[in-house]
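# Residue-level structure breakdown
If you want the building blocks of each chain, they are given just below.
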Amino acid sequence: MSVKIEESWKERLKDEFEKPYFKTLTDFVRQEYSTRTIYPPARLIFNAFDQCPFEQVKVVIVGQDPYHEPRQAHGLCFSVNDGVQIPPSLVNIYKEIHDDLGTPIPKSGNLERWSRQGVLLLNATLTVRAHQAGSHQHKGWEEFTDSAIYHLANERENLVFILWGAYAQRKGENIDANRHLVLKSPHPSPLSAHRGFFGNKHFSKTNAYLQKNGIEPINW
């Protein structure tokens, strides 16, 4: 099956495209886009991969599924388009960066600047119905994104995997913590941020690890 995705990722994930689950997933997603309002726009389904080629990845942040309200989702977890109100979880992420690193809080919720520096902003599920959180879970996306994480964890060295909340932590449970830095805390959602997300210092810890291994740190 021909899939429009960045070439280095296409090479790593080509076996997935031929598996029965991916054919079923593709049929489902095409039907959904043709009959319902689905986010993100179809051309941005693989935006996280397109913006961050395999060999350029330094950090992986794992989200759950895309934002499901108009104009928000553009294929990067926790990120929204310029001009869109910053969602509560990202507000808390920005607060933690400010408290951790002392940097000013951005006016935009667009995290493309992170992607361009090697931060893979990967949702476990890459599409969603408008106004229906989780509506495309358990259709096959999770298997596909598990494969992406597997290739990174097994073919690369000294990556940082940032796993916020139980869902992301389950998704990263097979990552070798001797080979990579695995950072875990509660989710930045207002429901859980005060249980240990605030004060986790994941951003300074990420940069210290990257620098220790001779890798350019992230300008958060």
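Residues numbered from 1 in each chain as written. Predicted model: local features only at pLDDT ≥ 70, side-chain atom pairs only at ≥ 80, totals over all residues. Heavy atoms only, no water.

Another aspect to go through is the layout of surface pockets. Each pocket or cavity is described by its volume, and for the largest pocket that value is around 610 Å³. Together, 32 residues line the largest pocket, and Q64, D65, Y67, S89 and H187 are the ones closest to its centre. Ranked by residues supplied to the lining of the largest pocket, first place goes to helix 7 (residues 165-171) with 4 residues. Of the residues assigned to the lining of the largest pocket, the class counts are 18 nonpolar, 12 polar and 2 charged. Quantified by volume, the second largest pocket comes out at close to 420 Å³. (1 Å grid on protein atoms, 1.4 Å probe; cavity = no way out; pocket = protein on both sides within 12 Å on 5 of 7 lines; lining within 4 Å. Points joined across faces, edges and corners; volume = space filled by probe spheres on them. Helix = DSSP H or I, 4+ residues; strand = E, 2+ residues; numbered from the N terminus. Nonpolar A, V, L, I, M, F, W, Y, C, P; charged D, E, K, R; others polar.)

We now examine the sheet that holds strand 3 (residues 119-123). Read across the sheet, 4 strands follow the order 3-2-5-6 without closing on themselves; strand pairing throughout is parallel. Both edges of this open sheet fall to strand 3 and strand 6 (181-185), since each of them pairs with a single strand only. If you compare each strand with its neighbour and ignore which way they point, the axes differ by 20° on average. Relative to strand 5 (residues 160-164), strand 2 (residues 59-63) runs parallel, the two sharing 4 bridges. Within strand 5, the residue paired with V60 across the bridge is F161. (Pairing = 2+ DSSP bridges. Axes fitted to C-alpha atoms, helices over the stretch in contact; angles between N-to-C directions.)

Purely spatial values, then, with no claim about function.
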